[in-house]
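# Understanding the architecture of this molecule
The lines below spell out each chain.
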Amino acid sequence: MDAPVKLNQLFIYFTIYILFILGQCSAGSKDKEMKRALLLVHGGAGDIPVERVQPKLDGVRNAVKEGYRVLIDPGKSVIDAVEVAVRIMEDDEAFNAGRGSVLNLDGEVEMDAIIMEGKKMKIGSVAAVKNVSHPISLARLVMENTQHVMLAGSGANKFAAEMGVPTVSPDWLVTDYARETLEMCRRSGDLGTYITELGASIGEVGTVGAVAIDSNGHLAMATSTGGTCGKMPGRVGDTPIPGSGGYCDDSAGAVSATGHGESIMRHCVAHGIIQKMKLGESAQIATQQVLDAMAEQTGESAGAITISKDGEIGIYFNSRRMAWAYQQGDDIHSGIDHGDDFIEKAKCP
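The notes below deal with the structure included here. What you see is a predicted model, and the numbers here were worked out from it, not measured in a lab. (Residues numbered from 1 in each chain as written. Predicted model: local features only at pLDDT ≥ 70, side-chain atom pairs only at ≥ 80, totals over all residues. Heavy atoms only, no water.)

### Topic: the packing of aromatic side chains
In this structure the tally under the stated criterion is one aromatic pair. Each ring, one from Trp 324 and one from Tyr 326, has its centre 6.2 Å from the other, and the planes form 15°; the classification is stacked. Positioned above the aromatic ring of Tyr 177, the side-chain terminus of Arg 52 is 3.7 Å from the ring centre. Stacked on the ring of Trp 172, the Lys or Arg Arg 99 has its end atom at 5.0 Å from the ring centre. (Phe/Tyr/Trp six-rings, centres within 6.5 Å; stacked < 30°, edge-to-face > 60°. Lys NZ or Arg CZ within 6 Å of the ring centre and 35° of its normal.)

Rendered as structure tokens:
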């Protein structure tokens, strides 16, 4: 074989080898980016009775799978992912949000929600809104289509109509379980206190929420709730208040809180967790310290889920139970009792 021919063949082999190596590096980089993407949800902290444990676990697992599918879709955003995850739980009667929300003193559903992204720290929230199936999506419309952060009550409903949001009948939102819970409140004489579960004690609440980080390090959070059973009409809890029921900042992390709303507001729980992470605490330690400080001072319980800007997670609650789940790559983790960490592999769609 002539020398020039050999050289040409060597050059071709070398080129193929270099392209192969570059392809492997590119694939490895993409895999690394995909592994960084993470979605974490909760289904509310409270005195959850045994018969409600499995429906809540099933619900958070379903929500995290659907949200994560959106998170890793190149055509979608991190804000899309948290919105979808929360919408799933708003449709699930196992949760105190959307359909399944608890009732106020008048036997009506009034809902609060907030959504926030961490790059430009844009926020949208709604409070005491009625007759919509997905308050979280209405909150996003506030964020993207107004100059305001929050709309409340009749103003929020008027805005929903202007934006073409479908209305649902009050009866559609009210479940038998919600009616039973209100009757329990009436019989106990604890109207306006903090129960959303028919458990052993009165004093616990529930909310749904999601936090996520995408492969580029952008963060988002979403929280939605029906509030507390037997509340006064017009009562607004911590959920739609930035820094209380949720907060998000790409320079630190994202938080969604659940629990005794008035105590969470007094302690600005979500913002407090973010501030501790900015000072160098891990997501887990920051979450635990803020919630325990709140509980020590107020005697009330709460929970929160947190993702740091580096993708660390924090899951903590000082209530009896809190349903949670997260997905990263093919691994789905979930739990509801203290110490739980059930692991399963995601199934291909």
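### Describing helix α5 (residues 153-162)
For α5, the set of buried residues is Gly 153, Ala 156, Phe 159 and Ala 160. With its buried residues spanning 125° around the axis, α5 presents them on a single face. Opposite the buried face of α5, by more than 90 degrees, sit the exposed residues Ser 154, Lys 158, Ala 161 and Glu 162. Looking at the buried side of α5, the elements it contacts are β3 (123-129), α4 (135-145) and β4 (150-152). (Buried < 20%, exposed > 50% of the residue type's maximum accessible area, 1.4 Å probe, protein only. Helix = DSSP H or I, 4+ residues; strand = E, 2+ residues; numbered from the N terminus. Arc of directions from axis to C-beta. Contact = heavy atoms within 4.5 Å.)

### What to know about empty space enclosed by the protein
Counted according to the given criterion, the structure contains two cavities of 30 Å³ or more. Lining the largest cavity are 13 residues, and of these Thr 207, Thr 225, Gly 227, Arg 235 and Asp 238 lie nearest its centre. (1 Å grid on protein atoms, 1.4 Å probe; cavity = no way out; pocket = protein on both sides within 12 Å on 5 of 7 lines; lining within 4 Å. Points joined across faces, edges and corners; volume = space filled by probe spheres on them.)

### So, helix α7 (residues 176-188)
If you check α7, its first and last C-alpha atoms are 18 Å apart, about what 13 residues at 1.5 Å a residue would give, namely 18 Å. Residues Ala 178, Thr 181, Leu 182 and Cys 185 constitute the buried set of α7. Down the axis of α7, the buried side of the element spans an arc of 100°, and every buried residue falls inside it. Opposite its buried face, α7 presents the exposed residues Asp 176 and Arg 187, each directed more than 90 degrees away. (Expected span 1.5 Å × (residues − 1).)

### Some thoughts on the nonpolar core
Core analysis: the largest hydrophobic core is formed by 56 residues, its most contacted members being Leu 39, Val 41, Leu 71, Val 82, Ile 115 and Val 126. Here this core gets eight residues from one element, more than from any other, and that element is helix α2 (residues 53-71). Every residue in contact with Ile 115, bar those within four places of it in the chain, is listed here: Ile 79, Val 82, Glu 83, Lys 122, Ile 123, Gly 124, Ile 136, Ala 139, Arg 140, Met 143, Met 221 and Ala 222. Formed by 37 residues, the second largest nonpolar core is a distinct cluster that contains Val 255, Met 277, Met 322 and Trp 324. (Core = buried A, V, L, I, M, F, W, Y, C linked by side-chain atoms within 4.5 Å.)

### Some thoughts on the pattern of salt bridges
Under the criterion given, the structure shown has 16 salt bridges. In this structure, a network of salt bridges that share partners links the residues Asp 80, Glu 83, Arg 140 and Glu 144. (Salt bridge = Lys/Arg side-chain N within 4 Å of Asp/Glu carboxyl O.)

### What to know about the environment of Asp 91
Mapped onto the secondary structure, Asp 91 falls in the loop between α3 (78-90) and β2 (111-117). Through-space distance from the C-alpha of Asp 91 to that of Ser 133 is 7.5 Å; in sequence the pair is 42 residues apart.

### Let's talk about the environment of Gly 118
One can find Gly 118 in the loop between β2 and β3. Classification of Gly 118 as buried rests on a relative accessible area of 2%. Counting along the chain gives 135 residues from Gly 118 to Gly 253, while the straight-line C-alpha distance between them is 7.8 Å. Among residues more than four places away in sequence, those in contact with Gly 118 are Leu 219, Cys 248, Asp 249 and Asp 250.

### Thoughts on the sheet that holds strand β7 (residues 246-249)
Taken together, the four strands give an open sheet; going across it, the order is β7-β8-β9-β10, and neighbouring strands pair in antiparallel fashion. The open sheet has two edge strands, β7 and β10 (313-317), and neither has a second partner. Each strand axis lies, on average, 5° off the axis of its neighbour in the sheet, ignoring direction. Pairing analysis gives five bridges linking strand β9 (residues 302-308) to β10, with the strands arranged antiparallel. Bridging from a neighbouring strand, Thr 306 pairs with Gly 314 of β10. Where helix α9 (residues 269-278) meets the sheet, its contacts fall on β7, β8 (253-259) and β9, and the angle it forms with β8 comes to roughly 145°. The strands touched by helix α10 (residues 283-298) are β9 and β10; relative to β10, the strand with the most contacts, the crossing angle is about 25°. (Pairing = 2+ DSSP bridges. Axes fitted to C-alpha atoms, helices over the stretch in contact; angles between N-to-C directions.)

Geometric values such as these leave the question of function open.
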